[in-house]
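# Examining the three-dimensional arrangement
Spelled out from the first residue to the last, the chains are:
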There are 2 protein chains.
Amino acid sequence: MWFPPACEEGSKGLVQSGVLIDKTTIMTKAPDHQNPAKSPKPASITAVARHAGVSIATVSRIMNGIVNKSSPATQLRVKAAVEELGYRPVTHGQSLRRGESRVVSIHAVNLANPTMAAIAASAETALREAGYTMVLCDTHDQPDLQDTTLLDMRAHLVRGYVLLGTIDSAQLAQFQNHREALLYVNRRPHGATSTPDDFVGIDNKAAGAAVATYFKQRGLHHCGLIHGALHSPATSDRVDGYTGTLSETGQGLNPRHIFAGQGLNHLQIGYDGITDLLQKGALPDALFCSSDLIAYGAHRKLSELGIQVPRDIVLMGFDDNPLNDWIAPWLNSVSVPYPKFGQAIVTGLEAIWNRGDRGAQILPFTIVERA
Amino acid sequence: MWFPPACEEGSKGLVQSGVLIDKTTIMTKAPDHQNPAKSPKPASITAVARHAGVSIATVSRIMNGIVNKSSPATQLRVKAAVEELGYRPVTHGQSLRRGESRVVSIHAVNLANPTMAAIAASAETALREAGYTMVLCDTHDQPDLQDTTLLDMRAHLVRGYVLLGTIDSAQLAQFQNHREALLYVNRRPHGATSTPDDFVGIDNKAAGAAVATYFKQRGLHHCGLIHGALHSPATSDRVDGYTGTLSETGQGLNPRHIFAGQGLNHLQIGYDGITDLLQKGALPDALFCSSDLIAYGAHRKLSELGIQVPRDIVLMGFDDNPLNDWIAPWLNSVSVPYPKFGQAIVTGLEAIWNRGDRGAQILPFTIVERA
DNA sequence: TCAGGAAAGGTAATCGTTTTCCTATTTTCG
DNA sequence: CGAAAATAGGAAAACGATTACCTTTCCTGA
């Protein structure tokens, strides 16, 4: 199980070069190497109370807007003291007493992915405006790292956990059972245990279907597909919607026009995908890539081969990176309103906390045509 | 000054529709709308102590690796209890008692900028591995937001403040005076008050100079420049190094080949820059853009005009976005080792905390030639 | 034999808040 | 006028951890 670094198996605690060191020794040495001009401690509620000549209870009540427990005159005096001393309640004292903090943690599968980073950025702003603080964790798509971060954040008494992409993990299941405030963004969890109420994202299946319809409308009949790991329900939904709609229209999807990639490096997946499709035969007229990064990788390989986009092949990405307008004017893409995710996350979390009802936020997507 | 939302001017505290509501009323109502299967509280140190039949002091000592205050048998018993109950110390209790937490805050000027996001991502990993938790704040390049976030984070008892780009602000000056643990990344602060020891980044002036040298070596004599807001010392250093070296070689920089942009939207700056340079006369042979995004914007405009890169004009960006290899193979760029910034930030912070000495980390840059 | 130290571990203060009880002092109103 | 109710505010108990200080027991060596 888990133990703090200080008492790990390997370390012998405070044993140094064979000699047991009493903690006291260390503490009495500590003040020595402290820098001289140490920052003066910020004012605490006690200081404010003393300064205003009231009890800390009164200060606390006034800070919390409880208006019917003190006279207006007292309130003025206290507020003056607060300003004079620059007092701000230390959140740890509050959280400890209240048993919960105003911190929300975000657990992202891969912050190197610009899309994840964009969602995190949007969440930061929305959370801050709603009065929350954001802690950001990168799970690197590893179940045990996800577990570690979840437990760490619980130790921080965070009020909600936002999962920006998820993998199944032991602790996640525990958290679900314990009814912790979990909000899934973009990727639903695998287990069917959780309600569909705790999701923020788009309807990926509909988006995949829309891509197929778009290709058909443009008269493109030989459709291909390069996608990332299917263990992500977001990806598999997109793929299902796309292939489903293609087979409904009768034409279906030639297996030789499909490449299934793996791993986090979508750029490489796209690059390898083109290589693979060519090996298996001719390229399709239209190619759906389950992310923009995959499309970039594919485009790179196509350029190297002298194949022109969109003259020779039409590409459709997913996510619509804001840079596309500037550096990928050849790329169509399914645009997901990521800048709006932040607000949706806040709304979703508040719905979960209040258990009013539906916290689910299904946002609209659009297809951006550039080619 | 600052007051918590609950006691803002506008709000009348707990007055609702003209009726004063006693806090008690609310609290007694609260349990009603709590969801039935509320998560059971995680085990506290008291629970562990009871379970193991020892005092909480002993549990605490064992958790902290103080090995000479309890028998091996007791230690085993306690560790067993810890595992059985899944105990993890609540950080707020620890921070409150110790007067400091293991949280580090990052204040970024603009998280929408992929470079900032990349640094934040790298910092997250390095901090986590070193046992710290990262809180991320976006200051949107506004002094008052920077002030707000700094004060917020102090209320969180954070142990260090990492400024990912800075603007001058009142609180920042205060924090400097109070010798708080501030670490500047990429952009030094304006005020000369701070030591140069608290900086992580590259030598921007040398980098600007290197670009000039590179252009000269390639025999490009008509050099241009498009840069962002000069109030960022990082930008002005780059510009100084570039122009300085150009004038040393005697050729100098034609003022008609310079465009000075403003604001956060670097893409637009690049686009507008080309328009401006053309209005002022002919384009240079080589163009230094003070960020990759500016280069993207410039390239877009050039493409629209049918001007080819690098045949007609050589571009040099800055930062070397990892996507460049894939989507901007026409762009040379000054590569900054952002993935290494995370570790450098941790090293720098630890140097500040221990005041051993220099926390400054000047990392190497390289010029990546693609065109 | 016994002074003194080490070993093992408990008690209680403390960090900064919130909130439940209290206790006075006014007000209100019949 | 007097009882009930409201107002204003204080005292103290939590919340979960750390640590200075104390107590007990056992062992060592002069």
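Before any of the text, the structure's been laid out above.
Attention here is on the structure that accompanies the text. Note that the structure is predicted; figures quoted are calculated from it, not measured.

### Focus: the packing of helix 2 (residues 45-52) of chain B against helix 4 (residues 72-85) of chain B
Residues and elements named next belong to chain B. Interhelical geometry of helix 2 versus helix 4 gives an angle of 125° and a closest axis separation of 9 Å. As judged from the angle between their axes, helix 2 and helix 4 are oblique. Read as a crossing pair, helix 2 and helix 4 show a hand that is right-handed. Along the contact surface, helix 2 presents Ala47, Val48, His51 and Ala52, while helix 4 presents Arg77, Val78, Ala81, Val82, Glu84 and Leu85. A class-by-class count of the residues in the contact of helix 2 with helix 4 yields seven nonpolar, one polar and two charged.

### Some details on the protein's contact with DNA strand D
Around DNA strand D sit 27 residues, and of these Ser55 of chain A together with Ile45, Ser60, Val90 and Arg97 of chain B come closest. Atoms of DNA strand D within 4 Å of the protein: sugar and phosphate make up 60%, bases the balance. Note that a phosphate oxygen of DNA strand D is positioned 2.7 Å from one of the side-chain N or O atoms of Thr74 of chain A. The separation between a base nitrogen of DNA strand D and a polar main-chain atom of Gly93 of chain B is 3.1 Å. If you list the elements that add at least two residues to the surface near DNA strand D, you get helix 3 (56-63) and helix 5 (91-98) of chain A together with helix 3 (56-63) and helix 5 (91-98) of chain B. Considering every element that reaches the surface near DNA strand D, the biggest residue donor is helix 5 of chain B, with five residues. Looking at side-chain class alone, the surface near DNA strand D contains 10 nonpolar, 10 polar and seven charged residues.

### Things to note about the packing of aromatic side chains
Counted under the stated rule, the structure contains 18 aromatic pairs over all chains. Between Tyr214 of chain B and Phe215 of chain B, the aromatic rings sit 6.0 Å apart at their centres with planes inclined by 50°, giving tilted as the arrangement. For Tyr214 of chain B, a relative accessible area of 9% gives the class buried. Considering the side-chain rings of Tyr296 of chain B and Trp330 of chain B, the 6.5 Å spacing of their centres and the 80° angle between planes classify their relative orientation as edge-to-face. Separated by 34 residues along the polypeptide, Tyr296 of chain B in helix 12 (residues 292-304) and Trp330 of chain B in the loop between helix 13 (324-327) and strand 12 (332-335) bring together distant segments of the chain. Comparing Tyr296 of chain B with Trp330 of chain B, the two get one shared label, buried. Taken together, the ring pairs in this structure connect Tyr214, Phe215, Tyr242, Phe288 and Phe318 of chain A into an aromatic cluster. We note Arg300 of chain A situated over the ring of Trp326 of chain B; from NZ or CZ to the ring centre the distance is 5.6 Å. Directly above the aromatic system of Tyr132 of chain B lies the positively charged group of Arg102 of chain B, at a separation of 4.2 Å from the ring centroid.

### Here's the deal with the environment of Ala81 of chain A
All names here are of chain A. Structurally, the position occupied by Ala81 is in helix 4 (residues 72-85). Spatially, the C-alpha atom of Ala81 lies 9.0 Å from that of Ala47, the residues being 34 residues apart in sequence. Apart from residues no more than four positions distant in its own chain, Ala81 is found in contact with Val48, His51 and Ala52.

### Examining the protein's contact with DNA strand C
In the vicinity of DNA strand C there are 27 residues, among which Ile45, Ser60 and Arg97 of chain A together with Ser55 and Ser71 of chain B approach most closely. Sugar plus phosphate, as a fraction of atoms of DNA strand C within 4 Å of the protein: 60%. Within the backbone of Ile45 of chain A, an N or O atom sits 2.6 Å from a phosphate oxygen of DNA strand C. In the environment of DNA strand C, a phosphate oxygen lies 2.7 Å from a nitrogen or oxygen atom belonging to the backbone of Ser55 of chain B. Residue assignment for the surface near DNA strand C shows that the elements contributing at least two residues are helix 3 and helix 5 of chain A together with helix 3 and helix 5 of chain B. Per-element tally for the surface near DNA strand C: the top contributor is helix 5 of chain A, with five residues. Of the residues that constitute the surface near DNA strand C, the class distribution is 10 nonpolar, 10 polar and seven charged.

Cut-offs and rules
- Residues numbered from 1 in each chain as written.
- Chains lettered and ligands numbered in written order.
- Predicted model: local features only at pLDDT ≥ 70, side-chain atom pairs only at ≥ 80, totals over all residues.
- Heavy atoms only, no water.
- Axes fitted to C-alpha atoms, helices over the stretch in contact; angles between N-to-C directions.
- Helix = DSSP H or I, 4+ residues; strand = E, 2+ residues; numbered from the N terminus.
- Parallel < 35°, antiparallel > 145°, perpendicular 65-115°, else oblique.
- Left-handed = near helix turned anticlockwise from the far one by under 90°.
- Contact = heavy atoms within 4.5 Å.
- Nonpolar A, V, L, I, M, F, W, Y, C, P; charged D, E, K, R; others polar.
- Near = heavy atom within 4 Å.
- Polar contact = N/O pair within 3.5 Å; in protein donor to acceptor, adjacent residues only side chain to side chain.
- Phe/Tyr/Trp six-rings, centres within 6.5 Å; stacked < 30°, edge-to-face > 60°.
- Buried < 20%, exposed > 50% of the residue type's maximum accessible area, 1.4 Å probe, protein only.
- Lys NZ or Arg CZ within 6 Å of the ring centre and 35° of its normal.

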